[in-house]
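Residue strings, one per chain:
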Amino acid sequence: MSGSTIKPWVVGNWKMNPMQADAKQLLQEFKQLLQEKEIAQEKCNIGVAPVAIALGTTQVELAKAVRPVFTVAQDVSRFAHTGAYTGEVSAELLKDSQIEYVLVGHSERREYFAETSAVLNAKAQNALNAGLTVIYCVGESLEQRESGQAEIIVLQQICDLASVVVAEQWQNIVIAYEPIWAIGTGKTASPEDAQAMHAKIREGLTQITSYGASMAILYGGSVKAENAVELAACPDINGALVGGASLNATSFYKIAEAFANTK
Ligand code: PGA
């Protein structure tokens, strides 16, 4: 399987947005767009990651869509099962609520919550052991890119993850490459730079696991309706993790459509 034959994923990361009424409207508009012009299920996986408190309501709303749209958790506890961990939500509790997907390693978690590779490994391991699919984010800062460290940093992040993933579990991992300097800044990596990094990630993955050639590698960082087609045209870009633009139903729909039609 070459990178370009992998079914793409388009996942909206709502971060700490929006208020309930706006979220409801956003989902309604998105469902309506799917209703008017369906994006075939076999052409693109679509997911939405709301704030934790809205996981349940999002799931209920999305169940009424004309095609499957996954509800994705933005985070998971590094502690497993149940127990005295105030404020935490474990992988098992997510699974128990039929949440099957979770983001791990987003740069905002790494930076603002000081999540080290040890913490991220525990989160990934718990999620995989509970049977969730992990969307694992990697990416370099501007300083690291400018000093020529981008590849090393990103591949090291993949190697960190590899230390806790056992063979078959790679099937349940999606990688999201999100250069930190492109997140929420309006600056997108050029399709050439993004493709070059994705090809390196794929090369690294194929050395680690036999699933490497078939794993989806998403790009994230200022993906918009306007740049989705050219990103989707890159052979190793198998989808997008979308922040800001996923808060607008039309933009998010167009990004999903671009990946479904271009791949
Ligand atoms: P952005 O965020 O699309 O707003 O740049 C992407 C992300 O952080 O997942």
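In this text the structure is predicted, and so the values were computed from the model without any measurement.

How each quantity is defined
- Residues numbered from 1 in each chain as written.
- Predicted model: local features only at pLDDT ≥ 70, side-chain atom pairs only at ≥ 80, totals over all residues.
- Heavy atoms only, no water.
- Near = heavy atom within 4 Å.
- Polar contact = N/O pair within 3.5 Å; in protein donor to acceptor, adjacent residues only side chain to side chain.
- Areas by Shrake-Rupley, 256 points an atom, 1.4 Å probe, with all protein chains shown as cover.
- Helix = DSSP H or I, 4+ residues; strand = E, 2+ residues; numbered from the N terminus.
- Buried < 20%, exposed > 50% of the residue type's maximum accessible area, 1.4 Å probe, protein only.
- Contact = heavy atoms within 4.5 Å.
- Pairing = 2+ DSSP bridges.
- Expected span 1.5 Å × (residues − 1).
- Salt bridge = Lys/Arg side-chain N within 4 Å of Asp/Glu carboxyl O.
- Disulfide = S-S within 2.5 Å.
- Phe/Tyr/Trp six-rings, centres within 6.5 Å; stacked < 30°, edge-to-face > 60°.
- Lys NZ or Arg CZ within 6 Å of the ring centre and 35° of its normal.
- Right-handed = clockwise from strand over helix to strand, strands pointing away.

**Student:** So, the site of the ligand: which residues are in play, and what are the values?
**Tutor:** Around the ligand, 13 residues are found, and the nearest of them are Lys15, His106, Glu178, Gly184 and Ser222. Side-chain polar atom of Asn13 to an oxygen atom of the ligand: 3.5 Å apart, as the coordinates give it. Lys15 is positioned such that a nitrogen or oxygen atom in its side chain is 2.7 Å from an oxygen atom of the ligand. Considering the ligand on its own, with 280 Å² of exposed area, one finds that the protein chains cover 95% of that surface.

**Student:** Describe the environment of Ile237, naming the residues involved and giving the relevant values.
**Tutor:** The residue Ile237 is located in the loop between helix 9 (225–232) and strand 8 (239–242) in this model. Look at Ile237 and you get buried, because its relative accessible area is 0%. Through-space distance from the C-alpha of Ile237 to that of His198 is 6.5 Å; in sequence the pair is 39 residues apart. Once you skip the residues sitting within four places of it in the chain, Ile237 turns out to touch Ala194, Gln195, His198, Ile217, Tyr219, Leu231, Ala232, Phe259 and Lys263.

**Student:** Lay out the pairing of strand 5 (residues 133–138) with the relevant residues and their values.
**Tutor:** Among the six residues of strand 5, six are classified as buried, and the element is accordingly described as predominantly covered. Residues Thr133, Ile135 and Cys137 line one face of strand 5 and the alternating positions Val134, Tyr136 and Val138 line the opposite face, and both faces are buried. In this sheet, strand 5 lies alongside strand 4 (residues 101–104) in parallel orientation, the contact comprising four bridges. The partner of Leu103 across the bridge, within strand 5, is Ile135. As paired elements, strand 5 and strand 6 (residues 173–177) share five bridges and run parallel to each other. Looking across to strand 6, one finds that Val134 is bridged to Ile173.

**Student:** A description of helix 5 (residues 117–129) should follow, citing residues and the corresponding values.
**Tutor:** For helix 5, spanning 13 residues, the distance from its first C-alpha to its last is 18 Å, which sits close to the expected 18 Å at 1.5 Å a residue. Considered for burial, the residues of helix 5 that qualify are Val119, Leu120, Asn121, Lys123, Ala124, Asn126, Ala127 and Leu128. On its buried face, helix 5 sits against helix 3 (91–96), strand 4, helix 4 (107–112), strand 5, helix 7 (150–162) and strand 6.

**Student:** So what about the pattern of salt bridges? Which residues, and what values?
**Tutor:** Side chains that differ in charge, positive against negative, can pair when their charged atoms come close. For the coordinates displayed, the defined rule picks out 12 salt bridges. Here Glu61 makes a salt bridge to Lys64, at a shortest N to O gap of 3.5 Å. Connected via shared salt-bridge partners are Asp75, Arg109, Glu115 and Lys123.

**Student:** How would you explain the state of the cysteines if you had to name every residue and give the values?
**Tutor:** The tally for this structure, following the rule as stated, stands at zero disulfides. For the unlinked cysteine Cys159, the closest cysteine sulfur is that of Cys137, found at 17 Å. The cysteine Cys234 is free of any disulfide, with Cys44 supplying the nearest cysteine sulfur at 16 Å.

**Student:** Tell me about the packing of aromatic side chains, and name the residues and values.
**Tutor:** Within this structure, the stated rule accounts for six aromatic pairs. Aromatic pair Phe30 and Phe252: ring centres 5.1 Å apart, planes at 45°, arrangement tilted. Taken together, the residues Phe30 in helix 1 (residues 20–36) and Phe252 in helix 10 (residues 249–262) connect sequence positions 222 residues apart. The pair Phe30 / Phe252 is uniform in exposure class, with both members buried. Ring centres of Phe79 and Tyr85 lie 4.0 Å apart, and the angle between their planes is 10°; this geometry places the pair in the stacked category. Taking relative accessible area as the criterion, Tyr85 reaches 38% and is therefore assigned partly exposed. Among the aromatic residues, those joined into a cluster by ring pairs are Trp9, Phe70 and Tyr101. Sitting over the face of the ring of Phe113, Arg109 holds its NZ or CZ atom 3.8 Å from the ring centroid.

**Student:** Before we move on, can you summarise the pairing of strand 3 (residues 70–73) with the specific residues and values?
**Tutor:** Each regular strand carries side chains that alternate between the two faces of the sheet. Bridge analysis of strand 2 (residues 45–49) against strand 3 gives two bridges, and the strand direction is parallel. In the sheet register, Val48 faces strand 3, and the bridge partner there is Thr71. Running through helix 2 (residues 55–62), the crossover from strand 2 to the neighbouring parallel element strand 3 is right-handed. Inspection of the sheet shows strand 3 paired to strand 4 by two bridges, in the parallel sense. The residue of strand 4 that forms the bridge with Ala73 is Val102. For the crossover from strand 3 across helix 3 to strand 4, the handedness is right-handed.

**Student:** Tell me what's going on with the side chain of Ser77, and back it up with residues and numbers.
**Tutor:** Position of Ser77 among the secondary structure elements: in the loop between strand 3 and helix 3. Residue classification places Ser77 among the buried residues on the basis of a relative accessible area of 2%. Side-chain polar atoms of Ser77 contact the backbone nitrogen of Phe79, separated by 2.8 Å. Sequence-distant contacts of Ser77, that is, excluding residues within four places in its chain, are made with Glu88, Val89, Ser90, Lys123 and Asn126.

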